[in-house]
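The residues making up each chain are set out below.
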2 protein chains.
Amino acid sequence: MKSSEKITIMDVAKEAGVSIATVSRIINRSGNVRDATRQKVLSTMEQMGYLPEGDSLTDPGCKTILLSIPEFKNPFISRVIDGVQAAARRRGYYALAMQTAGVYQTFEDYQSMLKNFPCAGVMLISSVRDAEFLDKLSSRCPVVMCSEYCESVGVSFVSIDDIKAAKTAVEYLVSIGRKKIALMNSLLTHKYSRHREAGFREAVLESGLELREDWISHLSSISFDMALSEAMHVLSAPDAPDAYFAISDVYAAAILKAANKLGLLVPQDVSIVGFDNIDISLMTDPALTTMKQPSYQMGYQACEILIDKIENPAAETRQIFFETELIVRGSTM
Amino acid sequence: MKSSEKITIMDVAKEAGVSIATVSRIINRSGNVRDATRQKVLSTMEQMGYLPEGDSLTDPGCKTILLSIPEFKNPFISRVIDGVQAAARRRGYYALAMQTAGVYQTFEDYQSMLKNFPCAGVMLISSVRDAEFLDKLSSRCPVVMCSEYCESVGVSFVSIDDIKAAKTAVEYLVSIGRKKIALMNSLLTHKYSRHREAGFREAVLESGLELREDWISHLSSISFDMALSEAMHVLSAPDAPDAYFAISDVYAAAILKAANKLGLLVPQDVSIVGFDNIDISLMTDPALTTMKQPSYQMGYQACEILIDKIENPAAETRQIFFETELIVRGSTM
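In the nomenclature of an unreviewed UniProt entry, chain A corresponds to LacI family DNA-binding transcriptional regulator from the organism Fumia xinanensis.

> Explanation requested: the confidence of the model for chain A in the structure shown.
Reading predicted coordinates in detail is not appropriate for stretches of low pLDDT. The predicted model of chain A averages 91 in pLDDT, with 94% of residues at 70 or higher. Every residue in residues 1–5 of chain A scores below 50 in pLDDT, and together they form nine contacts with partners more than four places removed in sequence or on other chains.

> Would you mind showing me how to read the interface of chain A and chain B here?
Accessible area lost when the parts come together is the quantity often used to give the size of an interface. In this complex, chain A contributes 43 residues to the contact, which on the side of chain B involves 43 residues. Roughly 3,900 Å² is buried in total at the junction of chain A and chain B, and carbon and sulfur atoms are behind 57% of that figure. Considering only the side of chain A, the residues that lose the most area to chain B are Phe72, Tyr94 and Met283 of chain A, jointly responsible for 19% of the buried surface there. Taken together, the connections running from chain A to chain B amount to zero salt bridges. On inspection of chain A and its partner chain B, the count reaches seven residue pairs in polar contact (both at pLDDT 80 or more). When contributions to the side of chain A that touches chain B are tallied by element, the ones reaching two or more residues are α3 (35–48), β1 (64–69), α4 (75–90), β2 (94–99), α5 (107–116), α10 (249–261) and α11 (280–283) of chain A. Of the residues that constitute the side of chain A that touches chain B, the class distribution is 23 nonpolar, nine polar and eleven charged.

> Teacher, can you tell me more about the pairing of strand β5 (residues 156–160) of chain A here?
A regular strand carries its side chains on alternate faces of the sheet. Residues and elements named next belong to chain A. The buried count for β5 comes to five of five residues, which makes it a mostly enclosed element. Alternating residues of β5 divide into Ser156, Val158 and Ile160 and Phe157 and Ser159, and every residue in both groups is buried. In the sheet, strand β4 (residues 143–146) pairs with β5 via three bridges, with the strands oriented parallel. Among the inter-strand pairings, Cys146 is bridged to a residue of β5, identified as Val158. Pairing of β5 with strand β11 (residues 319–322), which is carried by four bridges, proceeds in the parallel orientation.

> Can you help me understand the pattern of salt bridges in this one?
Where charged atoms of side chains with opposite charge meet at close range, the side chains can pair. All names here are of chain A. Applying the stated rule across the entire model yields 31 salt bridges over all chains. With a shortest N-O distance of 2.5 Å, Lys191 and Asp162 are connected by a salt bridge. Taken together, the residues span a long stretch of sequence, with Lys191 in helix α8 (residues 191–206) and Asp162 in helix α7 (residues 162–175) at a distance of 29 residues. Assigned by exposure class, Lys191 and Asp162 land together as buried.

> Honestly, the relation of the copies chain A and chain B in this entry has me stumped. Any pointers?
What connects the two chain copies is a rotation about an axis and a shift along it. The transformation that overlays chain A on chain B combines an axial shift of 0.1 Å with a rotation of 180°, and the residual RMSD is 0.1 Å. What the superposition gives is, in effect, a two-fold axis relating one chain to the other.

> Please clarify how helix α5 (residues 107–116) of chain B should be interpreted in this entry.
In an α-helix, one full turn covers 3.6 residues, which means residues spaced three or four apart are oriented alike. Phe107, Tyr110, Gln111, Met113 and Leu114 of chain B are the residues of α5 of chain B that are buried. Projected down its long axis, α5 of chain B carries its buried residues within an arc of 165°, all on one side. Buried-residue contacts for α5 of chain B involve β2 of chain A together with β1 (64–69), β2 (94–99), β3 (121–124) and α6 (131–140) of chain B.

> Just to check I follow, could you spell out α6 of chain B for this structure?
All names here are of chain B. Inspection of α6 places Phe133, Leu134, Leu137 and Arg140 among the buried residues, and these make up the whole buried set. The buried residues of α6 occupy one face: seen down the axis, they fall within an arc of 135°. More than 90 degrees from the buried face of α6, the exposed residues found are Glu132 and Ser139. Next to the buried residues of α6 lie α5, β3 and β4 (143–146).

> Where do I start with the packing of helix α9 (residues 224–235) of chain B against helix α10 (residues 249–261) of chain B in this structure?
All names here are of chain B. Orientation of α9 relative to α10, taken along the N-to-C sense of each, is 45°, at an axis distance of 8 Å. Put simply, α9 runs oblique to α10. In this structure, α9 crosses over α10, and the sense of that crossing is right-handed. Touching Phe224, Ala227, Leu228, Ala231, Met232 and Leu235 of α9 are Val250, Tyr251, Ala253, Ala254, Ile255, Lys257, Ala258, Ala259 and Lys261, all from α10. Split by residue class, the contact of α9 with α10 holds 13 nonpolar, no polar and two charged.

> Can you walk me through the sheet that holds strand β10 (residues 289–292) of chain A in this structure?
Strands belonging to one sheet form pairs held by backbone hydrogen bonds; the direction of such a pair is parallel or antiparallel. Residue and element names in this part refer to chain A. Across the sheet, six strands lie side by side as β7-β6-β8-β9-β10-β12; this open sheet has mixed pairing. Both outer strands of the open sheet, β7 (216–219) and β12 (325–327), are each paired with one neighbouring strand and no more. Ignoring which end each strand starts from, the neighbouring axes of this sheet average 20° apart. Sheet analysis places strand β6 (residues 181–186) next to β7, joined by four bridges and oriented parallel. Residue pairing across strands places Asn185 opposite His218, the latter belonging to β7. The strands that helix α9 (residues 224–235) touches are β6, β7 and β8 (243–246); relative to β7, the one it contacts most, it runs at about 160°.

> Would you mind going over the domain arrangement of chain A with me for this structure?
When the domains of chain A are assigned, the result is domain 1 (9–48) and domain 2 (162–293). If you average the C-alpha positions of domain 1 of chain A and of domain 2 of chain A, the two centres end up 58 Å apart.

> Can you help me understand the side chain of Asp249 of chain B in this one?
All names here are of chain B. Tracing the backbone shows Asp249 in helix α10. No salt bridge is formed by the buried Asp249. Its closest oppositely charged neighbour is Arg329, at 6.2 Å. For Asp249, the side chain forms a polar contact with the main-chain nitrogen of Asn277, separated by 2.7 Å. Within the local environment of Asp249, its side chain forms a polar contact with the backbone nitrogen of Ile278, the two atoms lying 3.0 Å apart. Among all residues touching Asp249, those that are not within four sequence positions of it are Gly274, Phe275, Asp276, Asn277, Ile278, Ile280, Ser281, Leu288 and Thr290.

> Honestly, the environment of Glu71 of chain B in this entry has me stumped. Any pointers?
Mapping Glu71 of chain B onto the fold places it in the loop between β1 and α4 (75–90). With residues up to four places along the chain from it excluded, the contact list for Glu71 of chain B reads Ile77, Gln99, Ser221 and Ile222 of chain B.

> Got a minute to help me understand empty space enclosed by the protein in this structure?
The method is simple in principle: a probe with the dimensions of a water molecule rolls over the atoms, and the space it marks as empty is what remains. Residue and element names in this part refer to chain A. Inspection of the entire model under this criterion finds three cavities of 30 Å³ or more. In this structure, the largest cavity encloses a volume near 80 Å³. Along its surface, the largest cavity is lined by Ser68, Thr100, Ala101, Tyr104, Gln105, Tyr110, Leu124, Ser126, Ser127, Val128, Arg129 and Phe133. Along the lines of polarity and charge, the residues of the lining of the largest cavity split into six nonpolar, five polar and one charged.

What counts and how
- Residues numbered from 1 in each chain as written.
- Chains lettered and ligands numbered in written order.
- Predicted model: local features only at pLDDT ≥ 70, side-chain atom pairs only at ≥ 80, totals over all residues.
- Heavy atoms only, no water.
- pLDDT = per-residue confidence, 0-100.
- Contact = heavy atoms within 4.5 Å.
- Buried area = accessible area lost by both parts, 1.4 Å probe.
- Salt bridge = Lys/Arg side-chain N within 4 Å of Asp/Glu carboxyl O.
- Polar contact = N/O pair within 3.5 Å; in protein donor to acceptor, adjacent residues only side chain to side chain.
- Helix = DSSP H or I, 4+ residues; strand = E, 2+ residues; numbered from the N terminus.
- Nonpolar A, V, L, I, M, F, W, Y, C, P; charged D, E, K, R; others polar.
- Buried < 20%, exposed > 50% of the residue type's maximum accessible area, 1.4 Å probe, protein only.
- Pairing = 2+ DSSP bridges.
- Least-squares fit on C-alpha atoms with pLDDT ≥ 70 in both.
- Arc of directions from axis to C-beta.
- Axes fitted to C-alpha atoms, helices over the stretch in contact; angles between N-to-C directions.
- Parallel < 35°, antiparallel > 145°, perpendicular 65-115°, else oblique.
- Left-handed = near helix turned anticlockwise from the far one by under 90°.
- Domains from an automatic or database assignment.
- Lys, Arg positive; Asp, Glu negative; His and termini not counted.
- 1 Å grid on protein atoms, 1.4 Å probe; cavity = no way out; pocket = protein on both sides within 12 Å on 5 of 7 lines; lining within 4 Å.
- Points joined across faces, edges and corners; volume = space filled by probe spheres on them.

This is the structure:
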């Protein structure tokens, strides 16, 4: 069988034993076609993986939005979803969340998904593998990105300036006298990880401090356990850092726990700055200094933009950056 | 217009200007009907809110499962969803999560939802308002409950013995010499809240301790802030409890924070037992003693049962209780 990219209306007509005009009428939902014929042609299309050129993957008449998310266990994501769902409900839509990271990532994956559940638009909260994927997907259905984005494709997004936020966090650590700053990061497949690391590196170098590659960690998941084990390793070395910038409060909580286990005082021996300002940052003792991002509002705004696009395909592309804010607490003072 | 309960096939035929036989053919997907007629009748049905008696709300041929959840911000729920999604993927299904608590709760709400997104079955992780709702829904589509359940209706579920788990927690607090035990609970609309409170009350009374109603709190959400404020109130009273059983580790973390703020030592002045054994129970200092429930496995198993039911409507009803386990940590010793 040909790949789905190359299958044409002629192939479908031949396979189903009908005329090209009949297939065309079915695709364009015009004219009368006998029900049995329609069913036969539709199932042939499905079997062959045929997708009409430029045909929409979504149905603007339906009231469902697909939220593609990286992982449910990241509390930042939960807050974003809350915002999305509130906006969706206000506009009469249903927002349904599914983890796609590591599972459904190609255009063909989304094509299969959207065949299974009709929806009016897609919000990507997870990272995208490449611009081509995003370009293809956004040409077939309304798409908005939230938190993650891809500047090279003209897709609407709501995000923050991660480079600036990371620089602010690191410059603050420098300002309180820290000289050996480590980074606990996620994998660089995420835009936010790449940008926060870029901001970290810039700030460290601009401050004239040493940039130690062995103090930069990349974890595959927003996992407390992984971060705890990594921080135990880094902080127990003979020449350990005196500060940590963590790209998630979950990581920051793990670094604090590692410091406690190793008998290090926080903030005296190790100062810690987290990211997100989720509840966890208040649960630890001391509470965590963190970069606050307005997660709920970001989700809400992204959903508004997506619904505007669904209801008016001519709606202009919007790219919005929310402000972040450094919140200083016990883990650094 | 009549309520959707009472609209009949005759009403639809009259409204659409077609014969009853035509409507019947469309409902039963039998025989040829002109496409324009079919569309007209289907849209008439929709406008009138007509639902054929006993007709399925779901489509066993599709590969989507709806997860109805109470709130994304509860980390216990995130773990359950992870388990559900893993099982769904293994069986070739998509599991999509939506918050329904406080928003979509009646049978009519679900009817509207399921019109909007075809799915093969529904998993209820949120509580159900009444047995009648569950009875109606489960007669129209495959349903399984997870964590919450309703014994009076023959619907499959996966849960834990919440009464026993709560008794174990309270009896443990009594065994370490605690005499004034408080309860931080959610609203009694949840089965788990009712059962954990029943277990708490039983254990307190059986131990010959005083049952203080002013030491029992009911919060509307798994919210750290709400629990912090409530615990500040209870623990700062002249005659304060010397122990807390919290039905969520999120609440337990808030009680610990309140104790710290009030200058109370944990576990000496106040011993705290949480519930769930989520990551948060390891993030606090001291770490939290907690009742572990196997959240991921519960989600996984519930999803297996649902898919079995989707693929074989004759599959027997299964009601499974997983074991819980008391994990003792620094907040009590």
